[in-house]
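What follows is the residue order along each chain.
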Amino acid sequence: MSPRLSRALGDAGSTVKEKSDKPSYNTIVPLRMEDLPAFYRPMSLRLSRVLGDIGVNSWMVRRRRRNFLMIEASATINSKLYGLDVTNFYFGSQSEGTTTPGLNSDIDLFASLNRTNIMSSWSEWEFGRTNYLMVKEETCSPQHYLLQEIRPESPEPARIPSDMFSVVDSNGRVFHSNLFSEVYARQLAENYNCHYFSSGPSHSVLKMYDIVYAFWCKSIPPECHEWFERPRPGHWPTPTMLRDVRGCGCFLLPDGHFDSCENYIEWRISPSLIERTLMFSMKTLQLKCYVVLKILKSHVINPCLNYNGKLTSFHCKIALFFAAERLPPGMWKEDRLMECIVYCLKLLLGWTNTGMCPHYLVAGVNLFHGKFTNPQLANLSKILSKIIDNHLAILAHIQADELGNRIVITHIRTVRYSEGFLISTNNSSCRWLSVFAHIRINKHLLFILSKTSDLMPEQMSIFVGLYLQTALTHAHGLPFPLIEECFRYTSKQFLSILASTAASCCIWNGYGVPRNILFLFESSLDTDVASSRLKLASFLICHNELERAVEMLNDVERRYDDSVQPSGSKEIGK
């Protein structure tokens, strides 16, 4: 922790002995405006503008979500083309739009293995499938289940282990171990001589990614039923949202309880699709509140704790969920941002005092269990109290994203900076998103083309047509809102290739290039800035349409400004 933050917080990071007996803030009510310091309103406006400038704004949020949903759909189609029955999901702050460059958030990828049918009851057994029955033992925590192997030819428990990850208990029941993803990732790291990274259920060879191999269960587990039925004000989540998310099901992650003797065969339920739906319904100001909580968590709270105990982004998200449910809609305004942040901090403070942080969706779960000891919770309580009592003044001392400097020098009515100081991060974030999405979506295409370099032009044209038809077949019925847009984007890439190969075929055989190929070139112009237009310019030159070719080249030159970045210059997100 920097000396600036230490001085700003005073002795908030010092160790204390036990939890204080302060009252819980689980039922806290928002402060009246007349009870707030006079500077809360102007500082809320200033902080909101600063957050918008560092990338937490409606435009950037929409951009992040669209890009990652496109990548999600593309990755799933490509997996199926490789013969893998996997559905890919991108969760977490990158796809939610709740991050900034200074937070340096990783990318959370869930690979749902569809070959397995997860049964919450015997009625869900399917013939010929790999069936696992969710079993709740007395020793299991509220969020954990065992997966018992069921025979594929009849709805009966398996008695013989099916593979090396099968575990037989004392009663002869066969359970599926959660170690397969760790073993697979370690073998991958060893084969390619690269690093292995592990965190909870995530096992990856890429530092930028948290990759989780999971099973999807179409039924909502009993632990989540209480969330649907409990009384609430009703403004959020709305009755329509509650009805829609019932079909989201839940994931089973290979992550046993830390305090269990059988954690190697335990699977943790995760309603991640429901959580993403809830986050996508949030107002931009609510997302700003969440980002501030994460900034405080990363740059103030955890450094003050000396990382003895760790407040996580998920703790902050739970506070946001409860705040969104309890606070009236009129609270979520720009001039009340500070008040909303303090409310969330007081929720966290109340939970630290009671030692119980509830899961928003899963009943009976304490999210502090295993994360903090009692002395660490008492220390966390003292840090949170300091931040609240000092009215978030600590934000002015945070150097990440130049947040503190931006808050100090930003005018309230107009965002201005001196001599180019503190250039907006929107452009740089947008560039990263565009290049990252372009590479991820086209990576499979480039791989396929590298394997077909020896094909003749006629063969290449046939191959492209068959590939498009196969991709369309796999894309049909996938549960993604942008699946059609993703396929249109990929189709335009192939139209560009098809136009080039068809033109090459004509030239190879000494024929004139027919005019109908012009339509293929024109249909693929929106795939990028330069290459598709340069191909069209080459086609026009072949037809001796020099004036149109010059216009196309001038158009490329106009488009190629400082915001354009060559996608082949870096391996982004490799």
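Residues numbered from 1 in each chain as written. Predicted model: local features only at pLDDT ≥ 70, side-chain atom pairs only at ≥ 80, totals over all residues. Heavy atoms only, no water.

Asker: So what's going on with the overall build of the protein? Which residues, and what values?
Answerer: For the protein, the helix and strand inventory stands at 19 helices and twelve strands. Buried positions account for 51% of the 574 residues belonging to the protein. Looking at the protein alone, contacts between residues at least 24 apart form 69% of all its contacts between residues at least 6 apart. Per element, the accessible surface of the protein, about 27100 Å² overall, is 55% carbon and sulfur. (Helix = DSSP H or I, 4+ residues; strand = E, 2+ residues; numbered from the N terminus. Buried < 20%, exposed > 50% of the residue type's maximum accessible area, 1.4 Å probe, protein only. Contact = heavy atoms within 4.5 Å. Areas by Shrake-Rupley, 256 points an atom, 1.4 Å probe, with all protein chains shown as cover.)

Asker: Can you explain the packing of aromatic side chains? Please cite residues and give values.
Answerer: Tallying each qualifying case throughout the model produces 22 aromatic pairs. Measuring from ring centre to ring centre gives 5.5 Å for F39 and Y40, while their planes differ by 55 degrees; the resulting arrangement is tilted. By relative accessible area, F39 is classed as partly exposed at 38%. Here the aromatic rings of F89 and F91 are separated by 5.8 Å at their centres, their planes lie at 0 degrees, and the arrangement is stacked. Chaining the aromatic ring pairs together yields one cluster made of W227, F228, W236, F321, F322, W351 and Y360. The ring of Y145 carries the charged tip of K136 above its face, separated from the ring centre by 4.2 Å. (Phe/Tyr/Trp six-rings, centres within 6.5 Å; stacked < 30°, edge-to-face > 60°. Lys NZ or Arg CZ within 6 Å of the ring centre and 35° of its normal.)

Asker: Could you give an account of the environment of I387, with specific residues and numbers?
Answerer: When you line up the elements, I387 lands in helix α12 (residues 374-389). Assessed through its relative accessible area of 1%, I387 is described here as buried. When the C-alpha atoms of I387 and L296 are compared, they prove to be 9.1 Å apart, with 91 residues separating the residues in sequence.

Asker: Give a description of the pairing of strand β1 (residues 86-91) that names residues and reports values.
Answerer: With six of six residues buried, β1 is to be regarded as a mostly interior element. Burial along β1 is two-sided: the residues V86, N88 and Y90 and T87, F89 and F91 are all buried. Of the strand pairs in this sheet, β1 and strand β2 (residues 107-113) are connected by six bridges, and their pairing is antiparallel. In the sheet register, T87 faces β2, and the bridge partner there is S112. (Pairing = 2+ DSSP bridges.)

Asker: Run through the side chain of S181, naming residues and quoting values.
Answerer: The topology assignment puts S181 in helix α5 (residues 180-191). For S181, a relative accessible area of 1% puts it in the buried group. Ignoring anything within four residues of it in the chain, the contact list for S181 reads H203, Y213 and P254.

Asker: Outline the pattern of salt bridges, listing residues and values.
Answerer: In total, this model carries 20 salt bridges according to the counting rule given. Put simply, D255 and R268 hold a salt bridge, and the shortest N to O gap is 3.0 Å. Here R268 lies in strand β12 (residues 266-270) and D255 lies in the loop between β11 (250-253) and β12, a separation of 13 residues in the sequence. Via salt bridges that share partners, E137, D169 and R173 belong to a single interconnected network. (Salt bridge = Lys/Arg side-chain N within 4 Å of Asp/Glu carboxyl O.)

Asker: Run through unusual backbone geometry, naming residues and quoting values.
Answerer: Residues W236 and P237 are joined by a peptide bond in cis, for which omega reads -10 degrees. Within the fold, P237 resides in the loop between α6 (222-229) and α7 (239-245). Located in the positive-phi region is N193, a residue other than glycine, with phi close to 55 degrees. You can see N193 is positioned in the loop between α5 and β8 (197-199). One non-glycine residue, L392, lies in the positive phi region at around 65 degrees. Note on placement: L392 falls in the loop between α12 and α13 (403-409). The class of L392 is buried, set by a relative accessible area of 4%.

Asker: Kindly report on the pairing of strand β5 (residues 144-150), identifying the contributing residues and their values.
Answerer: Counting buried positions along β5 gives seven out of seven residues, so the element sits mostly inside the fold. Of the two faces of β5, the one carrying H144, L146, Q148 and I150 and the one carrying Y145, L147 and E149 are both buried. Pairing geometry for strand β4 (residues 130-135) and β5, over five bridges, is antiparallel. Looking at β5, one finds that M134 is bridged to L147.

Asker: Quick rundown of the packing of helix α18 (residues 531-542) against helix α19 (residues 546-559)? Include the residues and the values.
Answerer: Where α18 contacts α19, the axes come no closer than 8 Å and their chain directions differ by 165 degrees. Between α18 and α19, the angle falls in the class roughly antiparallel. As α18 runs across α19, the sense of the crossing is left-handed. In this structure, α18 contributes R533, L534, L536, A537, L540 and I541 to the contact, and α19 contributes L546, R548, A549, M552, L553, D555, V556 and R559. (Axes fitted to C-alpha atoms, helices over the stretch in contact; angles between N-to-C directions. Parallel < 35°, antiparallel > 145°, perpendicular 65-115°, else oblique. Left-handed = near helix turned anticlockwise from the far one by under 90°.)

Asker: Any details on helix α2 (residues 40-53)? Residues and values, ideally.
Answerer: With 14 residues, α2 extends 20 Å between its outermost C-alpha atoms, agreeing within 8% with the 20 Å of an ideal straight helix rising 1.5 Å per residue. Among the 14 residues in α2, ten count as buried, and that is most of the element. (Expected span 1.5 Å × (residues − 1).)

Asker: Can you explain helix α17 (residues 516-523)? Please cite residues and give values.
Answerer: Of the positions making up α17, those classed as buried are I517, L518, L520 and F521. Each buried residue of α17 lies within a common arc of 160 degrees when the element is viewed along its axis, so the set occupies one face. The outward face of α17, more than 90 degrees from its buried face, is lined by the exposed residues N516 and F519. (Arc of directions from axis to C-beta.)

Asker: Provide a residue-level description of the confidence of the model for the protein, including the pertinent values.
Answerer: Residues of the protein with pLDDT of at least 70 account for 80%, and the chain-wide mean is 83. Counting interchain partners and residues more than four positions distant, the pLDDT-below-50 stretch residues 412-424 has 22 contacts. Note that pLDDT drops below 50 for residues 568-574; the model gives that stretch 14 contacts with residues more than four away or on any other chain. (pLDDT = per-residue confidence, 0-100.)

Asker: An account of the side chain of N88 is requested, with residue identities and associated values reported.
Answerer: Mapped onto the elements of the fold, N88 is located in strand β1. Its relative accessible area of 7% is what places N88 among the buried residues. A polar contact of 3.3 Å, which involves the side chain of N88, links it to the backbone oxygen of A75. (Polar contact = N/O pair within 3.5 Å; in protein donor to acceptor, adjacent residues only side chain to side chain.)

Asker: How would you explain the environment of G249 if you had to name every residue and give the values?
Answerer: You can see G249 is positioned in the loop between α7 and β11. Look at G249 and you get buried, because its relative accessible area is 2%. The spatial distance from the C-alpha of G249 to the C-alpha of I220 is 5.0 Å, given a sequence separation of 29 residues. With residues up to four places along the chain from it excluded, the contact list for G249 reads W216, C217, K218, S219, I220 and I274.

Asker: Run through the packing of helix α8 (residues 272-280) against helix α10 (residues 313-326), naming residues and quoting values.
Answerer: Two elements in contact, α8 and α10, have axes whose closest approach is 12 Å; the angle formed by their N-to-C orientations is 60 degrees. Classed by the angle they form, the pair α8 and α10 counts as oblique. In this structure, α8 crosses over α10, and the sense of that crossing is left-handed. Contact with α8, carried on its side by E275, L278 and M279, involves F314, K317, L320 and F321 of α10 and no other residues of that element.

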